[in-house]
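If you want the building blocks of each chain, they are given just below.
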Amino acid sequence: MSTDSHAIIKAFADLAANYEAVVDAELRRFWGWSYERFVEWLLDLVRLHEGSLRQDSLVLDIATGTALIPRKLVSGPEPVGQVVGVDITPGMLYAARQMIAPFNSRITLVCGSAMALPLVDGVFDVAICALGTHHMEARTLISEMHRMLAPKGVLAIADVAAHSAWKWPGIGTILRLFAFLYFLPSRNIARARAEAAAVARVHTVDEWRALLSECGFTEIRVAQPLGQRPWSPMPFAITARRGTTEAREATDANSE
Ligand SMILES: C[S@@+](CC[C@H](N)C(=O)[O-])C[C@H]1O[C@@H](n2cnc3c(N)ncnc32)[C@H](O)[C@@H]1O
């Protein structure tokens, strides 16, 4: 396991017991949204892809954290069949286990990395990754999501998007320093390190769109409800449909 992964596991193990309160406070501060509202917004975008969330759907939630997304999916007026939540941090899954107790028969938790998902190929109707992409290598994540999805399955990612100015030389270093100094006093050294390292993995929506298209996704839809500002990490969500296997094979052949 990489040094980065160790730093992430340490950061989220420390946070696990208070994760939902902490993320709620951070989203309210940066975006003026509650954590619940963010999750509902994302799930509503997934539902816009016809037939994605049904009573018999099998959904994968990558970097599930304390499993709020799985809990939302199996409860409410239109519950889905089964959800598998995967996370690399055992401490987060331990916290999640306490909270999924009422839904034990419908939610399965798996400890593993999104960079090499320990699950069967091609069986999921929907694969989601929320607030986790900035801790991961984007192309590997999208390839793994593609591998997990059944043909025509729906992908959904939501996280912070980079402004194009963040890609200018030197700006990345300033942002990394800013992230480190922001999280050090308000959280701890592990979270400060993990969030500073994550700056390099925050992408513009155009970069995400291009990557999804290269990896064989179609019906790519971008949502940026609060717009994009150069000085602030702003939310985005992208939903897309997995194309046919042939489309992916053609993409692979072109990139060789
Ligand atoms: C900010 S939390 C997001 C949790 C949840 N998706 C949510 O919306 O609240 C980020 C999560 O990503 C997990 N994570 C980071 N890198 C990962 C990886 N390579 N594979 C699986 N999980 C990962 C962390 O353990 C943490 O639980």
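One can find the structure itself at the top, above this paragraph.
Residues numbered from 1 in each chain as written. Predicted model: local features only at pLDDT ≥ 70, side-chain atom pairs only at ≥ 80, totals over all residues. Heavy atoms only, no water.

Report on the overall build of the chain, specifying residues and quantitative values.
Looking only at helices and strands, the chain has ten helices and seven strands in total. Since a compact globule built from 256 residues should have a radius of gyration of about 18 Å, the 17 Å found for the chain is in line with a globular shape. Expressed along its principal axes, the backbone C-alpha trace of the chain runs to roughly 45 × 45 × 35 Å. Taking all 256 residues of the chain together, 52% fall into the buried category. Residue pairs at least 24 apart in sequence account for 74% of intrachain contacts in the chain once pairs closer than 6 positions are excluded. (Helix = DSSP H or I, 4+ residues; strand = E, 2+ residues; numbered from the N terminus. Rg over C-alpha atoms; globule rule 2.2 N^0.38 Å. Buried < 20%, exposed > 50% of the residue type's maximum accessible area, 1.4 Å probe, protein only. Contact = heavy atoms within 4.5 Å.)

Now, about the nonpolar core: what can you tell me, with residues and values included?
F38, L73 and I128 are the most contacted members of the largest nonpolar core, which has 51 residues in total. No other element matches helix α3 (residues 35-47), which puts eight residues into this core. Residues within four places of F38 in sequence aside, it is in contact with L27, W31, W33, A130, L131 and A158. Judged by nonpolar contacts, the second largest core, of 30 residues, contains F124, C129, M136 and A161. (Core = buried A, V, L, I, M, F, W, Y, C linked by side-chain atoms within 4.5 Å.)

Can you explain helix α9 (residues 205-214)? Please cite residues and give values.
By the burial criterion, the buried members of α9 are V205, W208, L211 and L212. Along the axis of α9, the buried positions cluster into a sector of 125°, meaning they face one direction only. The inward-facing, buried residues of α9 abut α6 (138-148), β5 (149-161), β6 (217-223) and β7 (234-242). Where α9 ends, the next residue or the one after it, G216, has phi of about 95°, a positive value. (Arc of directions from axis to C-beta.)

Can you explain the site of the ligand? Please cite residues and give values.
What surrounds the ligand is a group of 18 residues, the closest being Y19, Y35, A63, D87 and T89. Between the ligand and the protein, one listed contact pairs an oxygen atom with a side-chain N or O atom of Y35 at 2.3 Å. In this structure, S113 approaches the ligand through a side-chain N or O atom, which is 3.4 Å from a nitrogen atom. Against a free-state accessible area of 600 Å², the protein chains account for coverage of 97% of the ligand. (Near = heavy atom within 4 Å. Polar contact = N/O pair within 3.5 Å; in protein donor to acceptor, adjacent residues only side chain to side chain. Areas by Shrake-Rupley, 256 points an atom, 1.4 Å probe, with all protein chains shown as cover.)

Break down the environment of H6 for me, with residues and values.
In this fold, H6 is placed in helix α1 (residues 3-15). With relative accessibility at 48%, the residue H6 sits in the partly exposed group.

I'd love a proper account of the pairing of strand β2 (residues 82-87), names of residues and values included.
On a regular strand, one side chain projects to one face of the sheet and the next to the other, so that they alternate. In terms of residue burial, β2 counts as a mostly covered element, since five of its six residues are buried. By the bridge criterion, five bridges tie strand β1 (residues 58-62) to β2 in an arrangement that is parallel. The partner of L58 across the bridge, within β2, is Q82. As for the winding sense of the linkage, the β-α-β connection from β1 through helix α4 (residues 68-74) to β2 is right-handed. Here five bridges tie β2 to strand β3 (residues 107-111), and the two strands are oriented parallel to one another. (Pairing = 2+ DSSP bridges. Right-handed = clockwise from strand over helix to strand, strands pointing away.)

Give me the lowdown on the side chain of S57, citing residues and values where you can.
By secondary structure assignment, the location of S57 is in the loop between α3 and β1. Overall, the relative accessible area of 2% leaves S57 in the buried class. The contacts of S57, once residues within four sequence positions are left out, are S52, V80, G81, Q82 and D125.

With reference to specific residues and values, describe the sheet that holds β5.
With mixed pairing, seven strands are arranged side by side in an open sheet as β3-β2-β1-β4-β5-β7-β6. Each edge of the open sheet is held by one strand with a lone partner, namely β3 and β6. If you compare each strand with its neighbour and ignore which way they point, the axes differ by 15° on average. The pairing of β1 with strand β4 (residues 124-130) spans four bridges and is parallel. Across the sheet, residue D61 finds its bridge partner in β4, namely I128. Across the sheet, α3 touches β4, β5, β6 and β7, and the angle it forms with β5 is around 145°. The strands that α6 touches are β1, β4, β5, β6 and β7; relative to β5, the one it contacts most, it runs at about 150°. (Axes fitted to C-alpha atoms, helices over the stretch in contact; angles between N-to-C directions.)

Account for the pairing of β7, with residues named and values stated.
Most of β7 sits out of view: nine of its nine residues are buried. With eight bridges joining them, β5 and β7 adopt antiparallel strand pairing. Looking at β7, one finds that I157 is bridged to I238. Bridge count for β6 against β7 is five bridges, and the pairing is antiparallel. Residue pairing for β7: F217 is matched across the bridge by R242.

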